[in-house]
Amino acid sequence: MAWDQQMERLARERGSALVGYAYLLTGELTAAQDLVQEALIQTFSRRRRDDVEFLEAYVRRAILNTYLNARRRRQRWGDVVHLVADADATAGPDAIVAVRADVHAALARLTPRERACVVLRHFEDLTVRDIAAHLDVSEGAVKRYLSDARRRLAPMLGAPDAADIDVNTEGARR
Amino acid sequence: MSEDFESGLRDLSTRAAQAHDAGAGLPLTAMVGRARRNRRARAAGVSLATVAAVVGVTLGGVAAMERLGDPAPVPPAVTPSPTAEPAGTVLTCGLAIADLAVFDDAPVTIEALLDDAVVAPGEPLTTRVTVAAVHPPGGDVGEDSLTLLTFAAVQDGVVVGLGLGTVNPGSTQGLSGRSGVTALSTIDLATCGEDGEAVSPLDVGGYQLYAGLTASFAGSGGEQRMLLGGPWPFTITDQPPTEEPAGPPALEDLVISTDGLGPLRLGDPVPTAPGLTDIIRWDDQACAGTDMPGRWVPVYGQVPVSGGYTWYPFSVGVSADGAIVRLEVDATGPHTAEGIGVGSSLDELRAAYPDAELLVGEYSTDAWGLRSGGAVISFEVAARDDVEWSPEELDHVVRVHVLPADTTWFSNWGWGELCG
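(A) Spatial organisation of the overall build of chain A. From N to C terminus, chain A includes ten helices and zero strands. Beginning at the N terminus, the succession of helices and strands in chain A can be written as α-α-α-α-α-α-α-α-α-α. The buried share among the 174 residues of chain A stands at 46%. Intrachain contacts of chain A at a sequence separation of at least 6 include 57% that bridge at least 24 residues.

What follows is the structure in C-alpha cells.
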C-alpha cells in the first residue's frame, strides 16, 4: 500500500481515537484535531518503510512530541489562566467537558510534562520506564512528574492517599 | 481516585472522539497534499512546504549560510554560475532589482531587523531574519529555508555587493517549525569586482540590503522566481560616531520597579508609533499560525534565559485596550535599584529586601514579593531540586514579574506570554 493510502486509511479508521488521545493533552477539541493533523503530516512526511503495524504508534509519539514542543514554544496568556482557574470556571459549556468537568479541570492544572506523564500512565497504560523512553527523560524524572501531578490532583479529585497515581511500580496498573 | 480518574480520562477521550466524528473530520486531501509537498521538498533538500514544486533550487556560492560552530572556514563570496539559474532569479552582481523575476503573490515573506544599520568597513551586519508563511492559506516554513537565503547590497537599484550569511541555529524560534522561523544571522558583505566576482570589503557608502530565496512556487507556472525581502537601509562608514546614536537603552540599564520596567509602566499604553528608544515593538508575524494578530516583543531579540532556553529577555502583557498589564523578565541584565534581577541568589534577594514576603511556594519555584502602591514585584526563585534546574539556577532568581497587586498569580515558571 502506498504511503498516501496508508495515511488516509489511518486517518479515516483511527483519526477519532487519535483525536481522543490528543484531547487529553490539549483539553480543546480544535487543538487536538490540529495536533493529530500535524502529527500525521509529520509522520508521513518522513516514513518510507511499510511498517504499517507501528504507524499508529509513530503518530501517537508525534502527537506527544508536537504537544510538548508546541507548549514550550507557544504558550499564551490564555493558557496560564488554566493554572489558576477553579474547576467551575474551567468546566464551561463545552459538551465534552461536561461529561467529566472534574477530570478536565484537574488536567488543566498540570504542567505539560506532568499532563503527558499522567495521560501516558493512566490512559495509555505505559510503565514508568516506557514513559521515560517516550519523553526522553530519566525514570526518576517521570516519578517526580507523576508525584507532583498526584499532589496537585489529589485536592481536586478527592484522593485519599498516595497510591492513586502509581509512581513506583514497573508494570502496568490494569 | 484512580479507577474513577482513569474512567474519567476514558470518558473525556471518548467524548472528544465522538465530537470529532460529528464534525467534518480530518482534511484528508489537504493533509496528504502537505505530506506530499514535504516529501518532495525534503527530497530536494528544502523544507519549505509551501513550495508546490521545487525545481532546481540552486544555492550558488553565496546562498548557503554557515552555521555557527561549524569549524569550516567561511568561503569567499562568489557570484553563482550564470548557467545555474535562469536570468533574474538569483541575486547576482550587477543585477537590477527591478529586473528580478519576483513572485508577485508570494506565499512566504522575508523580514529582517538589523541590529545596527551603521557599520565600519569589513564589519558584518547582524540581523534577525524571519521567513514566514503568509496566512491564510498558510503553510510550512522549515528551518532549512534560512539556509537558502541570499543577501545583496544594492545602490541605485543595482546589486553592488553580495553577502555570505551565517545563521545561529540556537537562536531559531519557529512556530513549531510550521509557520515561520527566525534566526540571528551575521552577514559578511563583499563588493562586486569588474569580473562579477565578489571581493571584500564593501566600500564606504549607503546601501540597501535585500534577501532573496529562489524557487518555484504554486502559481508560478513552474518557473523559478525570486522571493525578495527588503530593502533594509544600512551605511558603511569609516568615520567614528560623533555622538552616541539614539537607540534603546541597554538591557543592563533597565530598572525593575513596582512602576514597571525601564520606560515601560504598568497601566501605560504601548507605543502607538515606533520610536528609536522604544524597547518593544509590534511583531505581526510572531503569532503566525495562531488566531492572534501578533504580539509585542522586545527589540533586543532573543537571548539565553533561565532553564537553558533561548527567548526574549522579557515579555509584556497587554490588555485588549492596549495597556501594559504585566511584565516578566527572564534574562540577566534588568535589575531593581538594589541590583536584584534574574541570576541573583536568594541570599542576595533576602539581604536586599529583608521585608520581602513569600507570596507563593509551589511547583518548582518560590515567589518572593515586594509590594508598593498598587503593584508588586514577584521574584521567582528556583526553590526545589526539580529536574529542570541546573545547580547554578537552584536558589537563584529565574524570573521577575511586575504586576498589579490585586492579582494572585505571582508565579508561572514553565509558562509564559508568547502570543497575545
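(B) Layout of the confidence of the model for chain B. Residues and elements named next belong to chain B. With 63% of its residues at a pLDDT of 70 or more, chain B has an overall mean of 70. By mean pLDDT, the top-scoring element of chain B is strand 11 (residues 255-256) (94), and the lowest-scoring one is strand 1 (residues 66-67) (24). In the predicted structure, residues 43-85 sits below a pLDDT of 50 and forms 111 contacts with residues beyond four places in sequence or in another chain. Counting interchain partners and residues more than four positions distant, the pLDDT-below-50 stretch residues 168-178 has 31 contacts. Here the complex is predicted with pTM 0.39, and the ipTM for its interfaces comes to 0.80.

(C) Examining helix 7 (residues 101-108) of chain A more closely. Burial runs high along helix 7 of chain A: six of the eight residues are buried. Turning to helix 7 of chain A, its buried residues number three or more, namely Val103(A), His104(A), Ala105(A), Ala106(A), Leu107(A) and Ala108(A).

(D) Quick look at the confidence of the model for chain A. Residues and elements named next belong to chain A. Taken residue by residue, chain A gives an average pLDDT of 72. The fraction at 70 or more is 66%. The model gives residues 72-93 a pLDDT under 50, and that stretch makes 39 contacts with residues more than four places away or in other chains. Counting interchain partners and residues more than four positions distant, the pLDDT-below-50 stretch residues 160-165 has ten contacts.

(E) Representation of the environment of Gly163(B) within the structure. All names here are of chain B. Relative to the helices and strands, glycine 163 resides in strand 6 (residues 158-168). Overall, glycine 163 belongs to the buried group, with 28 C-beta atoms counted inside 10 Å. In this structure, the C-alpha to C-alpha distance between glycine 163 and leucine 209, residues 46 residues apart in sequence, is 9.2 Å.

(F) Fine view of the nonpolar core. If you look at the biggest cluster of nonpolar residues, it comprises 51 residues, and the most contacted ones within it are Ala22(A), Val36(A), Leu40(A), Ile63(A) and Cys117(A). Broken down by element, this core gets its largest block of residues, ten residues, from helix 1 (residues 3-26) of chain A. With near-sequence residues (within four places) excluded, Ala22(A) lies in contact with Ala32(A), Leu35(A), Val36(A) and Ile63(A). Among the nonpolar cores identified, the runner-up in size contains 38 residues, and Val305(B), Val376(B), Ile377(B) and Ala382(B) belong to it.

(G) Representation of the environment of Val316(B) within the structure. All names here are of chain B. Structurally, the position occupied by valine 316 is in strand 18 (residues 314-318). A residue is classified by how many C-beta atoms lie within 10 Å of it, and valine 316, with 21 of them, is buried. In this structure the C-alpha to C-alpha distance between valine 316 and valine 270, which are 46 residues apart in sequence, comes to 9.4 Å. Residues in contact with valine 316, not counting those within four places in the same chain, are Leu264, Ile280, Trp296, Ile324 and Leu327.

(H) Broad picture of the packing of helix 8 (residues 112-122) of chain A against helix 9 (residues 128-135) of chain A. Residues and elements named next belong to chain A. Contact pair helix 8 / helix 9: the axes reach a minimum separation of 10 Å and the direction vectors enclose 135 degrees. With respect to each other, helix 8 and helix 9 are oriented oblique. Our pair here, helix 8 against helix 9, has a crossing hand that is right-handed. Taking contact as the criterion, the partners of Arg113, Ala116, Cys117, Leu120 and Arg121 in helix 8 are, on helix 9, Ile131, His134 and Leu135. The residue inventory of the contact of helix 8 with helix 9, partitioned by class, reads five nonpolar, one polar and two charged.

(I) Helix 1 of chain A, seen in detail. All names here are of chain A. Given a rise of 1.5 Å per residue, 24 residues ought to cover 34 Å, yet the end C-alpha atoms of helix 1 are separated by just 28 Å, more than 12% below that figure. Maximum bend of helix 1: about 65 degrees, positioned at arginine 14. Note on helix 1: the residue one or two positions beyond its end, glycine 27, has a positive phi of about 75 degrees.

Conventions adopted
Residues numbered from 1 in each chain as written. Chains lettered and ligands numbered in written order. Predicted model: local features only at pLDDT ≥ 70, side-chain atom pairs only at ≥ 80, totals over all residues. Helix = DSSP H or I, 4+ residues; strand = E, 2+ residues; numbered from the N terminus. Buried ≥ 20, exposed ≤ 12 C-beta atoms within 10 Å, placed from the backbone. Contact = placed C-beta atoms within 7 Å. pLDDT = per-residue confidence, 0-100. Core = buried A, V, L, I, M, F, W, Y, C linked by C-beta atoms within 7 Å. Axes fitted to C-alpha atoms, helices over the stretch in contact; angles between N-to-C directions. Parallel < 35°, antiparallel > 145°, perpendicular 65-115°, else oblique. Left-handed = near helix turned anticlockwise from the far one by under 90°. Nonpolar A, V, L, I, M, F, W, Y, C, P; charged D, E, K, R; others polar. Expected span 1.5 Å × (residues − 1). Bend = angle between axes of the 7 residues up to and from the residue.

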